[in-house]
Amino acid sequence: MEHKFEKEYGCLILKMPEELDHHQAEFLKEQADGLIMKYPVRSLVFDFSDTQFMDSSGIGVIIGRCKNVRFSGGYVKAIHLNEQIERIFKLSGLKKIIEVE
């Protein structure tokens, strides 16, 4: 699955893959970190509109990128969560640290 990254006016939108497992997470982490370091990212948006599955490595990717962006004073939010992904956010505690729209 091809990952999509959109950059616009200090906002980085990460279009999450259909299945966010260990293999996808590693690639996504490397690509996102490179963009966060290269461009002045003030807001990070995780777009879950296509995501059907996410395991603990996906949760780790989200938490790690949040730390990177918040370190420089930015904010993070997640959009388009389906019922399954929203449940994972709730059970993992991600809803307490990330704005969900």
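What this report covers is the structure whose coordinates are included nearby. (Residues numbered from 1 in each chain as written. Predicted model: local features only at pLDDT ≥ 70, side-chain atom pairs only at ≥ 80, totals over all residues. Heavy atoms only, no water.)

The next point concerns the pattern of salt bridges. Applying the stated rule across the entire model yields six salt bridges. Put simply, D50 and K15 hold a salt bridge, and the shortest N to O gap is 3.3 Å. Taken together, the residues D50 in the loop between β4 (43-47) and β5 (53-54) and K15 in strand β2 (residues 11-15) connect sequence positions 35 residues apart. The salt bridge involving K29 is made with E26; its shortest N-O contact spans 3.4 Å. With K29 and E26 both in helix α1 (residues 22-38) and three residues apart, this pair spans about one turn of that helix. Three or more residues joined by partner-sharing salt bridges are found here, namely K15, D47 and D50. (Salt bridge = Lys/Arg side-chain N within 4 Å of Asp/Glu carboxyl O. Helix = DSSP H or I, 4+ residues; strand = E, 2+ residues; numbered from the N terminus.)

Enumeration according to the criterion identifies two aromatic pairs in this entry. Aromatic side chains F46 and F48 sit 6.4 Å apart centroid to centroid with 35 degrees between the ring planes, which places their arrangement in the tilted category. Side by side, F46 and F48 carry an identical accessibility label, which is buried. Considering the side-chain rings of F48 and F89, the 5.5 Å spacing of their centres and the 85 degrees angle between planes classify their relative orientation as edge-to-face. Pair noted here: F48 is in the loop between β4 and β5 and F89 is in helix α3 (residues 83-92), with a separation of 41 residues, a long-range link. No difference in accessibility class separates F48 from F89, as the two residues are buried. Within the aromatic cluster, the residues linked to one another by ring pairs are F46, F48 and F89. (Phe/Tyr/Trp six-rings, centres within 6.5 Å; stacked < 30°, edge-to-face > 60°. Buried < 20%, exposed > 50% of the residue type's maximum accessible area, 1.4 Å probe, protein only.)

All we've got here are geometric facts, nothing functional implied.
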